[in-house]
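What follows is the residue order along each chain.
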Amino acid sequence: MLWMWIFNPEFGLANALLVRLGLPKLGWFWDPRWAKNTLILMNLWGFGTGMIVFLAALQGVPQELYEAGQLDGAGTWHLFRHVTLPMITPVVFFNLCVGIINTFQVFTAAFIVSDGRGGPANSTLFLVLYLYRNGFEFFRMGYAALIAWILFAIVLLVTLVQFRLARYWVYYEREII
């Protein structure tokens, strides 16, 4: 509800900021051209959880690797590219998988801002909201179940492709005996 107030086209905080900058007001959730982009902006706020996981990964990179790189004459960019990034690729992969799966499951925000209808001109009618409407508004449970199975298959396929591609860029540290 707070986001609906911030992005209100008449008295919202976002439009007040745009007017102060000399830019025109936007329709945000109420304009079909901007509704999906506004949901994306709103969901960027939730990226903090992924950042906490990244912070934990960064704290897990051994300092000895940085010291060895500095002794070899590596600069900041080379240390990041050849030490930090390879060591945190499992976390990058995890956040990528979770992010893509969550992208397929957008429901709550779209439901709230569009009163369960899918926004202006169906601009926020995502697959899960479409599934919900068919199952619980139109009572077509069989069709909704089919949509759920198709969604499952798509998410499974995308995840399997990610795991297949991860072999080429994700580094997992192993003990050498």
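These figures come from a predicted structure and were not determined experimentally.

The rules behind these values
- Residues numbered from 1 in each chain as written.
- Predicted model: local features only at pLDDT ≥ 70, side-chain atom pairs only at ≥ 80, totals over all residues.
- Heavy atoms only, no water.
- Helix = DSSP H or I, 4+ residues; strand = E, 2+ residues; numbered from the N terminus.
- Buried < 20%, exposed > 50% of the residue type's maximum accessible area, 1.4 Å probe, protein only.
- pLDDT = per-residue confidence, 0-100.
- Contact = heavy atoms within 4.5 Å.
- Phe/Tyr/Trp six-rings, centres within 6.5 Å; stacked < 30°, edge-to-face > 60°.
- Core = buried A, V, L, I, M, F, W, Y, C linked by side-chain atoms within 4.5 Å.

### Quick look at unusual backbone geometry
Item 1. The residue A121 is not glycine, and still its phi comes out positive at about 55 degrees.
Item 2. In this fold, A121 is placed in the loop between α7 (108-113) and α8 (127-137).
Item 3. Positioned with a positive phi, N122 is a non-glycine residue whose angle comes to about 60 degrees.
Item 4. Its location among the elements puts N122 in the loop between α7 and α8.
Item 5. Residue classification places N122 among the partly exposed positions, given a relative accessible area of 47%.

### Describing the confidence of the model for the protein
Item 1. For the protein, per-residue confidence averages 92 on the pLDDT scale, and residues scoring 70 or more make up 98% of the total.
Item 2. By mean pLDDT, α7 is the weakest element of the protein at 88, and helix α9 (residues 141-166) is the strongest at 97.

### Quick word on the side chain of S123
Item 1. Among the secondary structure elements, S123 is positioned in the loop between α7 and α8.
Item 2. Judged by its relative accessible area of 13%, S123 is buried.
Item 3. With residues up to four places along the chain from it excluded, the contact list for S123 reads P32, A35, K36 and G118.

### Let's talk about the packing of aromatic side chains
Item 1. A complete count under the given rule lists 15 aromatic pairs for this structure.
Item 2. Judged by centre distance (6.1 Å) and plane angle (75 degrees), the rings of F93 and W169 are edge-to-face. Separated by 76 residues along the polypeptide, F93 in helix α6 (residues 76-104) and W169 in the segment after α9 bring together distant segments of the chain.
Item 3. Residue F93 is classed as buried on the basis of its relative accessible area of 5%.
Item 4. Members of the aromatic cluster, each reached through a chain of ring pairs, are W3, F7, W28, F29, W30, W34 and W45.

### Some words on the environment of R133
Item 1. Note on placement: R133 falls in helix α8.
Item 2. In the structure, R133 is positioned 129 residues away from M4 in sequence and 22 Å away in space, judged by C-alpha atoms.
Item 3. Apart from the residues lying within four places of it in its own chain, the contact partners of R133 are G116, R117, L125 and F138.

### Describing the nonpolar core
Item 1. By size, the foremost hydrophobic cluster in this structure holds 14 residues, and its most contacted members are F7, F29 and L39.
Item 2. For this core, the elements supplying multiple residues, two or more each, are α1 (2-6), α2 (13-20), α3 (35-44) and α7.
Item 3. Looking at which element gives the most residues to this core, the answer is α7, with 3 residues.
Item 4. Filtering out sequence-adjacent residues up to four positions away, L39 remains in contact with F29, A109, A110, V113, T124 and F126.
Item 5. F54, A57, V61 and L79 belong to the second-largest nonpolar core, a separate cluster that totals 8 residues.

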